[in-house]
Amino acid sequence: MTNNENDTPNYGTRAKISPEEPKDAIDLDELLPKIGEFGLYQKLLLWLVCLPACLPCGFCAFNQLFMTDVPDHWCKVPDLELLNLTQQQRKAISIPRKDNTTFEKCIRYSIKWSELASKIDGTLEYNESLPTEPCLDGYEYDTSLVVSSVVIDFDLVCDYDVYPTLGLVALNIGGPIGVYTFGLLNDRIGRKKSFFLCLTTLLTGSIMTAYAHEYWFWVFARVIVGLTIPAVYQIPFIISLELAGPNYRSFVTVMTCVFYTLGLILLSLVTYLLRDWRNLALATSLPFFFYYLYWFVLPESPRWLLMREKLEEANNVLKTIAKVNGKELPEEYTIKLQRQVIEQKEKGISKVKSVSVFALCRTPNMRLKTFLITLNWCASEMVYVGLSYYGPAIGDNQYMSFFLSSAVEIPSYLVCWVLMDRIGRRWPLCLSMVISGIFCMVTVLLPEDALTETLILYLISKCFISASFLIIYPYAGELYPTELRGVGIGTSAYIGGLGLIVIPFINYLGSSNLVLPLVVMGAVSVVGGLSALRLPETLHTSLPQTAEEGEEFGKDWTYADCLNCGDKKKIVDADSYENLDQLELTPTPLVEDGLEKPDIRRNSMRYLVRQSSIVETQRDVDGNIKMTYWF
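Residues numbered from 1 in each chain as written. Predicted model: local features only at pLDDT ≥ 70, side-chain atom pairs only at ≥ 80, totals over all residues. Heavy atoms only, no water.

Caption draft 1: Representation of the packing of helix 20 (residues 409-422) against helix 22 (residues 451-479) within the structure. For the pair helix 20 and helix 22, the least separation of the axes is 8 Å and the interaxial angle reads 45°. For the element pair helix 20 / helix 22, the angle class is oblique. For helix 20 against helix 22, the interelement crossing comes out right-handed. Contacts from E409, S412, Y413, C416 and M420 of helix 20 reach helix 22 at K462, C463, S466, A467, L470, I471 and P474. Its residues assigned to classes, the contact of helix 20 with helix 22 comprises eight nonpolar, two polar and two charged. (Axes fitted to C-alpha atoms, helices over the stretch in contact; angles between N-to-C directions. Helix = DSSP H or I, 4+ residues; strand = E, 2+ residues; numbered from the N terminus. Parallel < 35°, antiparallel > 145°, perpendicular 65-115°, else oblique. Left-handed = near helix turned anticlockwise from the far one by under 90°. Contact = heavy atoms within 4.5 Å. Nonpolar A, V, L, I, M, F, W, Y, C, P; charged D, E, K, R; others polar.)

Next comes the structure, spelled out in C-alpha cells:
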C-alpha cells in the first residue's frame, strides 16, 4: 500500500498532502468532528446494528462443538434388545470391563447370543477370558445428558471418531476462502450488499446443517458456514469504523471484541437449554433472519461511495449523520465533494501500483520481522482458537466450562487495552503468551482426576492468550511500514488462519490424554511469546512509512533492548502521520467563520488517539478499509 504524493488524496488517513494535490480535497476525518465523531447516529449504529452483528459469527463458529458431543457408548447386541433387559443390564452382560467402574467402548464379547438369550436373566456375568470382537451391529449411547448429536446419528465413534474433527477442519478451511472472497466483494459491490450476501450464505449453510442426513453433506454444509466466519461481522464492523471519528475507533474495536465474547457467553446458555443438535443449529441461525431488516437502516460507507464517485449517495449519508447528531453538514464540504468528483471524471482515478508479498522478504531485517510477526500471529491465533475449542472438554460440566472460558476474555481485553498504552506492546504480548503457555503446560503435572485444578489452570491460560490476541493486530500494523502494511498484515493473518486447520487435530489428541493438547498449545504459545522480544518496541516512536525506513526500524536491536519496557525514545520531528504524540499536540485546524480553532481533545481521549492510529492506516489509496487486512 503506497502513498505517493501525486496520488488521489487518502480519505481518513493522516498522510501529508503535497502541494500538487487539490486544495479542496476532502478528508472525512476532518469532517466527522463537525457532524459528530461519535454522536447519536454512530451510537445507534454501533449498539443496535454492528455489535449485534457479532452474534452470528460466534454462534455458528462454536455451536459445532456441541453438535458433535460424544456421549458414553458401547457395542450394540441386537439379540439382547429383544429381551426384557435395561440398557445397563445389556451393557453389564455383553461388554468387557476396563476396570471396576468403566467398560470398553469398541469391543464386545464374541458369543452366539441368540442361543443363550433364553438363559439370560440379566444377572449372568461372563469370565474375562471370553473372546471379544469389534462392534459389528452398531452402538448404544447414553442419552441421559446428550439427547442427540451428530456423533449419535452418524455413529462417529471408535474407528470413525476422527470424523467430528474433520468437521471442524472443514469449517476452518472455509474461513480463509470466505474472507478473501467477501473481501473482494466488499470493495467491489459495497459493504452493505456484501453483508447481506454473507448473511444469506451463513443462513443457507446453517439450514443445510440442520437438515443434513448424511455425514458428508453435513461436512459440506459446515464448509459453507465457514465461508462467512469471520466475514459476517467484519463488514458492519468496518462500516462502524469508517463512520466513527478517529478518537473513537479504538473504543469501537474493543467493544466489538467484548460483544463478541458476550455472544459466546449467550451461546453457552443456548447449548445448555437445547440438547438436540438439529434444534441447536436452527436456534443459532434462524433468529438472524431478522437482520434482513438492517437493509433499511444500515448505511453504505461514504468512503466507498466517494471512491465509486457516487456523490449524491455519499452526501445523503453524511447529511443523515449530521441531522441525527443534531448538526448541519457544512456547505463548504458539499462543494468540495462536487469539485472532487468533477476532477476525478476529468483526470481519472490514479492507479496505485500494488505491492508484492515478496517485498517483505527482500531485505534481512524486514524479512526477520515479517517472520517473527507471522510466527506470533499464528501462535496467538492457533492457541486462542484451540483453547476455545477445547473448553467443553475441561471440567465436569462442558456448558459451565465453555461459559467460564468465554467470560475470562472480557477483563483481559479491558486490562490489555490500558497496558498497551502504558508499557508498550512487546512486553504485554510476550508475557501474555508465555504465561498462558506455562499454565497450559503445568497441567501435565496434575493427576488425571484433578479436573477442577485443570479447569482453573486452563481458564488462566485462556485469559492471557485472549490479551495477546488483542495486541498482535495493532502491534503488527505498527511494525510494518506504511507502504507494506496492507500486504504485510494480510499475509501474516492469512497464514495464521491457515494454522487453524491444524488445531482440531491437536485437540483430537485429548481423546486419549486430556492434557496433551494443552501441553502442545502451551509450548507453541511460549515459543511465540519469547520470539516477540526480538521485535522492536513501537510505543512513543516515529513509525516507518517506506520499505527503506521499515528495514532501518529496529535494525540496531540488541539483547539489552529486551529489558526495556515501554521504550520512550525521543520522537523525531518529522511530518510522518505516524508521529502519534505530535498528533495530540498539533491537531488538525478547523476553519470556522474565517478563524482557525484547535480541536481540543479531552485528556480521557488521549490514549484512544494513540490506540486508534493503526486502525486508521489499514486503507487503500481512497481511504477505504480493506476487509482482508482484518482477517
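Caption draft 2: Seen up close, the state of the cysteines. Tallying each qualifying case throughout the model produces two disulfides. Each sulfur in the disulfide pair C75 and C135 lies 1.7 Å from the other. Here the disulfide of C75 and C135 is left-handed, its torsion about the S-S bond being about -65°. Pair noted here: C75 is in strand 1 (residues 73-75) and C135 is in the loop between strand 3 (132-134) and strand 4 (139-141), with a separation of 60 residues, a long-range link. The two residues C75 and C135 agree in class, both being buried. Here the protein pairs its bonded cysteines, counted in sequence order, in the arrangement 1-3, 2-4. The cysteine C416 is free of any disulfide, with C257 supplying the nearest cysteine sulfur at 9.7 Å. (Disulfide = S-S within 2.5 Å. Buried < 20%, exposed > 50% of the residue type's maximum accessible area, 1.4 Å probe, protein only.)

Caption draft 3: Region of the structure containing the packing of aromatic side chains. Within this structure, the stated rule accounts for 23 aromatic pairs. Arranged with centres 5.9 Å apart and planes meeting at 65°, the rings of F59 and F288 form a pair that is edge-to-face. Residue F59 is found in helix 3 (residues 54-62), and its partner F288 is found in the loop between helix 14 (277-283) and helix 15 (302-307); the two are separated by 229 residues along the sequence. Overall, F288 belongs to the buried group, its relative accessible area being 5%. Of note, K192 hangs over the ring of W295, and the distance from its end group to the ring centre comes to 4.6 Å. Residue placement shows R275 over the ring face of Y272; its charged tip is 5.0 Å from the ring centre. (Phe/Tyr/Trp six-rings, centres within 6.5 Å; stacked < 30°, edge-to-face > 60°. Lys NZ or Arg CZ within 6 Å of the ring centre and 35° of its normal.)

Geometry only, nothing functional implied.
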